[in-house]
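One letter stands for each residue in the lines below.
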Amino acid sequence: MCSPEEAALLRLEGVFSDTLTRINSLVLQPLLEAAPEASDPWGRECLQLLQQLQRSSRQLWDVTEESLRSLRERLCRPEAVGLESLLLLHSADRVLQVHLEYIESYTCCVAVQAFQKAAKRRSEYWRGQRKALRQVLSGVSSEGSVGTALLQALRQPLAHHVQQYVLLLLSLGDTIGERHPTRELVIHAAGLFGDLQSFMRQELDQATATQALWSTLSSRLRDVLCTPARRLLQDSQDIPVTVTPLRAERVLLFDDALVLLQGHNIHTFDLKLVWVDPGQDRCTFYLLTPEEEFSFCSKDPQGLVVWQWKVTQAVCQALHGKKDFPVLGAGLEHSEPPTCRCGAYTFRAEGRFCQATYEGEWYWGRPHGKGTLKWPDGRNHVGDFCQGLEHGFGIRLVPQASEDKFDCYKCHWREGSMCGYGICEYSTSEVYKGYFQEGLRHGFGVLESIPQAPRPLRYTGHWERGQRSGYGVEEDSDRGERYIGMWQADQRHGPGVMVTQAGVCYQGTFQADKMVGPGILLSDDDSLYEGTFTRDLTLLGKGKVTFPNGFTLEGTFGSVSGRGLHTQGVLDTAALPPDPSSTCKRQLGQGIFPVESRWQGVYGPFRDFVRAGCPGDLQEALLGFHVQSSRELRRSQEYLCCERTRPEDQAGSVEELLEELRQYREPEALQRCLRKALSNSLHPLGKLLRTLMLTFQATYAGMGANKHLQGLAQEEVKQHAQELWAAYRGLLQVALQRKGEAPEEDEDAETSFYSELFTLYLLLHEREDSLYSQGITNLSLFPDTKLLEFLDVQKHLWPLKDLTLTTNQRYSLVRDKCFLSATECLQKMITTVDPREKLEVLERTYGEIEATVSRVLGREHKLPMDDLLPLLIYVVSRAQIQHLGAEIHLIRDMMDPLHTGGLYDFLLTALESCYEHIQKEDMRLHRLPSRWSSREPW
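The paragraphs below set out a description of the structure included in this document.

About the criteria used
Residues numbered from 1 in each chain as written. Predicted model: local features only at pLDDT ≥ 70, side-chain atom pairs only at ≥ 80, totals over all residues. Heavy atoms only, no water. Phe/Tyr/Trp six-rings, centres within 6.5 Å; stacked < 30°, edge-to-face > 60°. Helix = DSSP H or I, 4+ residues; strand = E, 2+ residues; numbered from the N terminus. Buried < 20%, exposed > 50% of the residue type's maximum accessible area, 1.4 Å probe, protein only. Lys NZ or Arg CZ within 6 Å of the ring centre and 35° of its normal. Core = buried A, V, L, I, M, F, W, Y, C linked by side-chain atoms within 4.5 Å. Contact = heavy atoms within 4.5 Å. Pairing = 2+ DSSP bridges. Axes fitted to C-alpha atoms, helices over the stretch in contact; angles between N-to-C directions. Polar contact = N/O pair within 3.5 Å; in protein donor to acceptor, adjacent residues only side chain to side chain. Parallel < 35°, antiparallel > 145°, perpendicular 65-115°, else oblique. Left-handed = near helix turned anticlockwise from the far one by under 90°. Nonpolar A, V, L, I, M, F, W, Y, C, P; charged D, E, K, R; others polar. Expected span 1.5 Å × (residues − 1). Salt bridge = Lys/Arg side-chain N within 4 Å of Asp/Glu carboxyl O.

Things to note about the packing of aromatic side chains
Geometrically, a pair of aromatic rings is defined through the distance of the ring centres and the angle of the planes.
Part 1 of the reasoning: This structure, assessed with the given rule, holds 34 aromatic pairs.
Part 2 of the reasoning: Judged by centre distance (5.1 Å) and plane angle (80 degrees), the ring pair of Tyr-471 and Trp-599 falls under edge-to-face. With Tyr-471 in strand β19 (residues 467-476) and Trp-599 in the loop between α12 (580-584) and α13 (600-611), this residue pair connects regions lying 128 residues apart in the sequence.
Part 3 of the reasoning: Overall, Tyr-471 belongs to the buried group, its relative accessible area being 3%.
Part 4 of the reasoning: Between the NZ or CZ atom of Arg-379 and the centre of the ring of Trp-375, over which it lies, the distance is 4.3 Å.

A few points about the nonpolar core
Part 1 of the reasoning: The biggest cluster of nonpolar side chains holds 72 residues, and the ones touching the most others in it are Tyr-106, Phe-115, Leu-154, Phe-193 and Leu-196.
Part 2 of the reasoning: When near neighbours in sequence (up to four residues on either side) are disregarded, Phe-193 contacts Leu-88, Val-95, Leu-96, His-99, Val-162, Tyr-165, Val-166 and Leu-169.
Part 3 of the reasoning: If you look at the next biggest cluster of nonpolar residues, it comprises 57 residues, including Trp-599, Leu-658, Leu-692 and Trp-725.

Quick look at the sheet that holds strand β6 (residues 275-277)
Part 1 of the reasoning: One open sheet holds the four strands; their spatial order is β2-β8-β7-β6, and the pairing between them is antiparallel. If you trace the sheet from one side to the other, it starts and ends with β2 (242-244) and β6, each paired once. The average undirected angle you get between the axes of adjacent strands in this sheet is 25 degrees.
Part 2 of the reasoning: Bridge count for β2 against strand β8 (residues 293-297) is three bridges, and the pairing is antiparallel. Its bridge partner being in β8, Thr-244 is matched across the sheet by Ser-295.
Part 3 of the reasoning: The strands touched by helix α11 (residues 301-320) within the sheet are β6, β7 (284-288) and β8, with β7 carrying the most contacts at an inclination of about 25 degrees.

Structural notes on the pairing of strand β12 (residues 380-386)
Part 1 of the reasoning: Counting buried residues in β12 gives six out of seven residues, a clear majority hidden from the surface.
Part 2 of the reasoning: The pairing of strand β11 (residues 366-374) with β12 spans six bridges and is classified as antiparallel. Across the sheet, the residue bridging to Thr-372 is Val-382, located in β12.
Part 3 of the reasoning: Following β11, the chain reverses through five residues before pairing antiparallel with β12; Gly-378 in that reversal takes a positive phi of roughly 105 degrees.

Points about the pairing of strand β26 (residues 552-560)
Part 1 of the reasoning: In terms of strand pairing, strand β25 (residues 539-546) meets β26 through six bridges, oriented antiparallel. Paired with Lys-544 across the bridge in β26 is Glu-554.
Part 2 of the reasoning: The hairpin formed by β25 and β26 contains five residues between the paired strands, and Gly-550 there has a positive phi angle of roughly 100 degrees.

Section: unusual backbone geometry
Part 1 of the reasoning: Residue Pro-245 is reached from Thr-244 by a cis peptide bond, and omega for that bond is 5 degrees.
Part 2 of the reasoning: You can see Pro-245 is positioned in the loop between β2 and β3 (250-254).
Part 3 of the reasoning: Positive phi values are uncommon outside glycine, yet Glu-415 reaches one of about 50 degrees.
Part 4 of the reasoning: Within the element layout of this structure, Glu-415 appears in the loop between β14 (406-414) and β15 (417-425).

As for the sheet that holds strand β5 (residues 265-270)
Strands in a sheet are paired, the pairing made by backbone hydrogen bonds, and the direction either parallel or antiparallel.
Part 1 of the reasoning: Read from one edge of the open sheet, four strands run β1-β3-β4-β5, paired in antiparallel fashion. The open sheet has two edge strands with one neighbour each: β1 (232-235) and β5. This sheet shows a mean twist of 20 degrees between the axes of neighbouring strands, independent of strand direction.
Part 2 of the reasoning: In terms of strand pairing, β1 meets β3 through three bridges, oriented antiparallel. Bridge pairing in β3 links Gln-234 to Leu-253.

Digging into the side chain of Lys-838
Part 1 of the reasoning: For Lys-838, the position within the fold is in helix α26 (residues 835-857).
Part 2 of the reasoning: Here Lys-838 falls in the buried class, since its relative accessible area comes to 3%.
Part 3 of the reasoning: Looking at Lys-838, its side chain comes within polar contact range of the side chain of Glu-887, at 2.8 Å.
Part 4 of the reasoning: Excluding residues within four positions of it along the chain, Lys-838 makes contact with Met-829, Thr-832, Val-833, Glu-887, Leu-890 and Ile-891.

Remarks on the environment of Trp-362
Part 1 of the reasoning: Examined against the element boundaries, Trp-362 turns out to sit in strand β10 (residues 357-363).
Part 2 of the reasoning: Look at Trp-362 and you get buried, because its relative accessible area is 1%.
Part 3 of the reasoning: Considering only alpha carbons, one finds Trp-362 and Phe-385, 23 residues apart in sequence, at a separation of 8.9 Å.
Part 4 of the reasoning: Looking at Trp-362, its side chain comes within polar contact range of the main-chain oxygen of Gly-343, at 3.0 Å.

Let's talk about the environment of Leu-622
Part 1 of the reasoning: Tracing the chain through its elements places Leu-622 in helix α14 (residues 619-623).
Part 2 of the reasoning: Not counting residues up to four positions away in its chain, the partners in contact with Leu-622 are Tyr-435, Pro-605, Asp-608 and Phe-609.

Section: the packing of α13 against helix α20 (residues 710-738)
Part 1 of the reasoning: For the pair α13 and α20, the least separation of the axes is 10 Å and the interaxial angle reads 15 degrees. Comparing their axes, α20 and α13 come out roughly parallel. Where α13 crosses over α20, the two elements pack in a sense that is left-handed. Taken together, the residues of α20 that come into contact with α13 (itself represented by Tyr-603, Phe-606, Arg-607 and Val-610) are Gln-719, His-720, Glu-723, Ala-727, Gly-730, Leu-731 and Val-734.
Part 2 of the reasoning: When grouped by side-chain class, the residues that make up the contact of α13 with α20 number six nonpolar, three polar and two charged.

Quick look at helix α27 (residues 865-879)
Part 1 of the reasoning: With 15 residues, α27 should reach 21 Å at 1.5 Å per residue; the first-to-last C-alpha distance of 20 Å fits that figure.
Part 2 of the reasoning: The element α27 is largely enclosed, with a buried count of 13 among its 15 residues.
Part 3 of the reasoning: Just downstream of α27, Gln-880 is the residue with a positive phi angle, here 50 degrees.

Here's the deal with the pattern of salt bridges
Part 1 of the reasoning: Within this structure, the stated rule accounts for 37 salt bridges.
Part 2 of the reasoning: Here Arg-598 and Glu-716 are joined by a salt bridge, their closest N and O atoms 2.9 Å apart. Pair noted here: Arg-598 is in the loop between α12 and α13 and Glu-716 is in helix α20, with a separation of 118 residues, a long-range link.
Part 3 of the reasoning: Put simply, Arg-662 and Glu-741 hold a salt bridge, and the shortest N to O gap is 2.5 Å. Remark: Glu-741 occurs in the loop between α20 and α21 (755-764) and Arg-662 occurs in helix α17 (residues 654-663); sequence separation between them is 79 residues.
Part 4 of the reasoning: Given a relative accessible area of 17%, Arg-662 falls into the buried group.
Part 5 of the reasoning: Under the relative-accessibility criterion, Glu-741 is labelled partly exposed at 28%.

The structure is reproduced here in structure tokens:
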């Protein structure tokens, strides 16, 4: 059976539904019809408030009708429908929310006197409606104002309704007993509506106090401060307080702002960006805002406590974004607003941020964390902030004079300035990737223009205070030149080497971008000029030319416009032709650029990173970052959201990388670990290697590749290998220190990247390899047995068991069978780039040759040099490795000195002998008798 309380609830809901209907027709609809003209700003606002109140009233009627239906169904079928089916119980929070929305709409109208303003337009009508209102309401007198009657008509039924809710729900809870399954729902609903009673009284008190405040202010202040949703929480005229240093005449605390009135000046502070510092004594507390800091003082400690408590709670409420429920601070412990919060603020004080709007994270009144700055002139900055300044990774867009043109800076920042690694895309289509200090390019960096630029340039090198300074390489594609050398104040200054696309090299001293004094010119045919030049690198003055054939010309050189080069001097033709190998090996740059000081801007940041203990927050700033780059600079905010790949996402955290290095220190494991690290561009070692490869390619690859720079490049490769190994050792020591382990003694090792260096060796040994290729071509015409006989290989070493095929089969297959395993092994030399790996290939080839001979002899056999050399010549001729001279010289120059005199040295010497023999085979073949004709059939 249903309880009497449920029947009473049914009657209560029915009466309230009817009352809402009558109020809508008697009050709300006429108020809307009598609202001021919408053309008037106040009238338009009043109309909007009344419309919102009518919508809230309609929602309240809808939920009341829904509650009625659930009560009727329960009363009609009490056995089938449980108590929990009542809307007031299973959806108490939703019913409460509808009531709150009605209260908010009603108090907004009260705060700005919307009822009084609307009633004035039809005063006669409202006086005639008093009798009807008295039928709906109790206590409506015939003498009171129309506005008061309307306020009562829209508040009293709701207040009575909520009061009855609480009484009936509490009585229902007592009736059903403590063990009833729905008791908790009943108690919860009773508590909510009990709180709603207190909340309604507080809201009405605040709205009434706010309405009274507006009448005490001038029209100018009222126009600035008055908004329907704003509520007054405290006024210094009620509880006096002194504010310093602003010395405000009146302090108003609203639910969204703190307002200080000082003469005609109004200082408004958004409560979401106000921090309360309690201070050390009971007579003062402090407030921090983005641009102001001031104190509240009072002679009355109790009054000051009230102010501090209300400001603190108002800040909490503002940060929540809604009014506290049930009552501001009621029944709750004293809550403290968070020191870290989010908000938006436009700076007004003079400085870099003047007129800029910051939106993001704050800490004690300062931008701190992630945020966005926007200036009125179109500048944008998004990134990390610390104590009010840009600090950490950030992206800034700076508009240029041209429409839709921007400079885009994706950089690391320190204390408001670019510092560390950055990528900058300029409106001129130039891109800079490198390091900054105090907002200027400083350290190592690359500046590159697009190929379509009027004068395409690329500079790779060092910078100082925004200018090219120190060692650097500039490539001028338009003029077909590459400069390698020293810079100062954005100009070539000091020793330098100029390489042209035509293969001509200059070495000398530069001042103000021009060569001055004596210098060296090396042409592609190895002609050498030593003397003076004009500033545009034309021979002028005393000099000496040494020609490839050994002739020399010494005298005075000059040029006449349109008539070419003129000279007056002595031509010496008595000299013997020089050794071609010594002529082509003339090298430039060595001795004038100490190898250990060339790329300090690359090594330095890595050393700093290791010395600092490899902190994760500095990894990007020191070692660079990977970022999605675009040349099209857009105005949209989405462009500012840089989709850069964070190191921890791809290569693991710094701790994981260090732990991996610590665990894999055995030779084989270390080799795999280093190969993995160096191949990963997000690993610190991989980043360092790629930057060094970038400098190497910029100096020696492409247009500037020249055989006369081979010595310079060779020094650099060895230095880079040492630095990479030192970098690995440094990371390992940090890893050991973090685990409390003793550091290891330093060792030596090789690291490799030689593809660009090999290009220089190709150029340097082009003539020798040409003779070698001709010898290989001639030897390839020999069948296997005749080639073995021609090379004087002893017959008892021939693999005859491999040659037991028929004549026809032999002619087609025997060349591919004799010493096939050794031949295939040697061919793997061209698939490797590391000189050490090439030596390992040579060692395995030697092993295959000995294994074949041992099989032929039926016993293990060690080959002496006299037997090994002709067999190795045979294998080399069949392997047909191109550019073997370049391969051999690269291996010899880059071989670890520890291998000198060992097996590797012995085998490399044998390979060098084979290479020299094959170069000379062309002459031997021309002197062979007719019986050695290579075209004789098998």
